[in-house]
Amino acid sequence: MAENQNQSRHGMWSSGALFVLAAVGSAVGLGNIWKFPYITGENGGGAFLLVYLICICAIGFPVMMAEIMLGKQGRMSPINSVLKLARDNNRSPMWSLIGWAGVVGGIIILSFYAVVAGWITYYVYQLFSGAFSGADSAATGAAFEEFTGSPGKLLLWFSVFMAVTIFVVARGVNKGLEIAIRICMPLIFVLLVVMLIYGIAQGGFWDGFNYMFHVDFSKLKLNGLLVAMGHAFFTLSIGMGAIMAYGAYMPQQESIKSAVGIIVIVDTVVALVAGLAIFSIVYAHGMNPSAGPGLLFVSAPVAFGNLPLGSLFGGLFFLFVAFAAFTSAISLTEPALAYFVEKTNVKRWKVAFLLGSATWVLGLGSVFSYNLWEEFQPIFGWTIFDLLDKLTTWFFMPLGGLAIAIFVGYFLPWKKVKEYLEIKSQWAHYVWVALICVVAPISILVVFALTIVQHFLGQ
Ligand code: TRP
């Protein structure tokens, strides 16, 4: 029994460092490289960055600690880990809904995440092949429109990315996830540094720096708060049970606090460095970065297409993004996968295949959002893709985070939590209690309240 408590039946990360690397792999992804730079640009640069950093410290940090702790104590899928802790402490089994949100949310996120990751994969190939040599933004814009407008091509690349993801997760924690992480993570860091150096060498660094950091409070609207908070959850992979599932495989002796410290810092630094690299490269070609999601697919290819050794570095850049997306995608199925294996005792690879197929079917909605079903915008003028993205980023994750904070802060004994988190000093414990019981939940509620008020009062 004693051994049981410190082991998970799905396997364990072979060291504490591997847990940290896996969690960083999950956190660093399209959120950092594709979303973060353009939402920062759109919402007032440095002003938005400030709000985002506050969200990371006040909400992201405590919620991630709480989430990993639940997994590490439960040693099972998020649903069963939360259920176990609820039962052990005479709390309602309804708390396991936190885990259910993760199962459903993870699948939904993967369904659209893999679509964008599919675009990235296609662009790796396009850039290496020199397709954008000498192109201007009219040409890359048209190429992007043509690509996303073609359901067959999108479907192909989405399916390729999904197939590789499912193949790896099906092989299990040690033979699948861990091998992928050991291979991809060093490459991701090396390529990131290469891109930054390339950007600096091309001479666009200070323009890029100004674009990202110059503070413009007039562009920061109330909605920017929800965008910043939602992104804090998205980029750290929290509120959805994914990091909880990873926490279940964390070696007993590894400390949660220091792991979370490293994960949060590395994720933030990668977002900043990736943003700087992208904007430097775009400015090096003397271009204004295009706003919105097109930044990576329209502006970046023009810059690479016109800079020295651009095909090589452009291909490497997209390869870097593809690896980052991949080490995130493999964390999205873990809550569901672990749960169904526990529940049914069916072999992991069979469950993976079924889940992958279901996700693939759901993903068709996002694939066709750019072509066949472009006009289908059930509410707020959002396509299915937008709807799934916003539903999970703006609502599922913050609500999941809120539930985690309340469960850990108010429904588990403070003394036990202190022990689990190895908080030694009384002073640090007060800070922790204040963060998890007050700061995190109130901040989440305030952002929601302001968003609702803004929505009803209009602007
Ligand atoms: N953090 C990843 C990114 O920034 C996305 C992601 C991976 C995620 N796993 C998650 C988001 C789990 C929420 C929950 O790209």
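Residues numbered from 1 in each chain as written. Predicted model: local features only at pLDDT ≥ 70, side-chain atom pairs only at ≥ 80, totals over all residues. Heavy atoms only, no water.

Right, let's talk about helix H13 (residues 256-284) for a bit. The terminal C-alpha atoms of H13, which comprises 29 residues, lie 41 Å apart, in line with the 42 Å expected from a rise of 1.5 Å per residue. The buried fraction of H13 amounts to 21 of the 29 residues, a majority that puts the element mostly inside the structure. Of the residues that open H13, the one with a side-chain oxygen 3.4 Å from the backbone nitrogen of lysine 257 is serine 255. Among the residues trailing H13, glycine 286 stands out with phi positive, at a value near 75 degrees. (Helix = DSSP H or I, 4+ residues; strand = E, 2+ residues; numbered from the N terminus. Expected span 1.5 Å × (residues − 1). Buried < 20%, exposed > 50% of the residue type's maximum accessible area, 1.4 Å probe, protein only. Polar contact = N/O pair within 3.5 Å; in protein donor to acceptor, adjacent residues only side chain to side chain.)

We now examine the site of the ligand. Around the ligand sit 17 residues in total, of which Ala27, Gly31, Tyr113, Phe234 and Ser237 are the nearest. A distance of 3.0 Å separates an oxygen atom of the ligand from a polar backbone atom of alanine 27. Note that an oxygen atom of the ligand is positioned 3.1 Å from one of the backbone N or O atoms of leucine 30. When the ligand sits alone it has 360 Å² of accessible area, and the protein chains cover 100% of it. Broken down by secondary-structure element, the contributors of at least two residues to the shell around the ligand are helix H2 (16-27), helix H3 (30-42), helix H6 (97-128), helix H11 (223-236) and helix H15 (310-332). (Near = heavy atom within 4 Å. Areas by Shrake-Rupley, 256 points an atom, 1.4 Å probe, with all protein chains shown as cover.)

Once that is clear, we can look at the pattern of salt bridges. Pairing of side chains with opposite charge becomes possible as their charged atoms draw close. Following the criterion strictly, the structure yields 5 salt bridges and no others. With a closest N to O distance of 3.2 Å, glutamate 178 and arginine 182 form a salt bridge. Remark: arginine 182 and glutamate 178 occur in helix H9 (residues 172-201); sequence separation between them is 4 residues, near one turn of the helix. In this structure arginine 182 comes out as partly exposed when scored by relative accessible area, which is 48%. Residue glutamate 334 is joined to arginine 348 by a salt bridge in which the shortest nitrogen-to-oxygen separation is 2.9 Å. Of this pair, glutamate 334 sits in helix H16 (residues 334-344) while arginine 348 sits in helix H17 (residues 348-367), and the two are 14 residues apart along the sequence. Comparing glutamate 334 with arginine 348 shows no difference in burial state: the two are buried. (Salt bridge = Lys/Arg side-chain N within 4 Å of Asp/Glu carboxyl O.)

One non-glycine residue, asparagine 90, lies in the positive phi region at around 55 degrees. Its relative accessible area of 72% is what places asparagine 90 among the exposed residues. A positive phi angle, near 60 degrees, is found at serine 237, a position not held by glycine. Along the polypeptide, serine 237 turns up in the loop between H11 and helix H12 (242-247).

Tallied over the full model, the rule gives 42 aromatic pairs. Relative to tyrosine 283, the ring of tyrosine 211 has its centre 6.1 Å away and its plane inclined at 55 degrees; by these criteria the two rings are tilted. With tyrosine 211 in helix H10 (residues 205-213) and tyrosine 283 in helix H13, the pair connects residues that are 72 residues apart, well separated along the chain. Here tyrosine 211 falls in the partly exposed class, since its relative accessible area comes to 24%. Assessed through its relative accessible area of 17%, tyrosine 283 is described here as buried. Between phenylalanine 368 and tryptophan 373, the aromatic rings sit 5.2 Å apart at their centres with planes inclined by 70 degrees, giving edge-to-face as the arrangement. Note on tryptophan 373: relative accessible area 39%, which makes it partly exposed. The side chain of lysine 35 reaches across the aromatic face of phenylalanine 234, ending 4.1 Å from its centre. (Phe/Tyr/Trp six-rings, centres within 6.5 Å; stacked < 30°, edge-to-face > 60°. Lys NZ or Arg CZ within 6 Å of the ring centre and 35° of its normal.)

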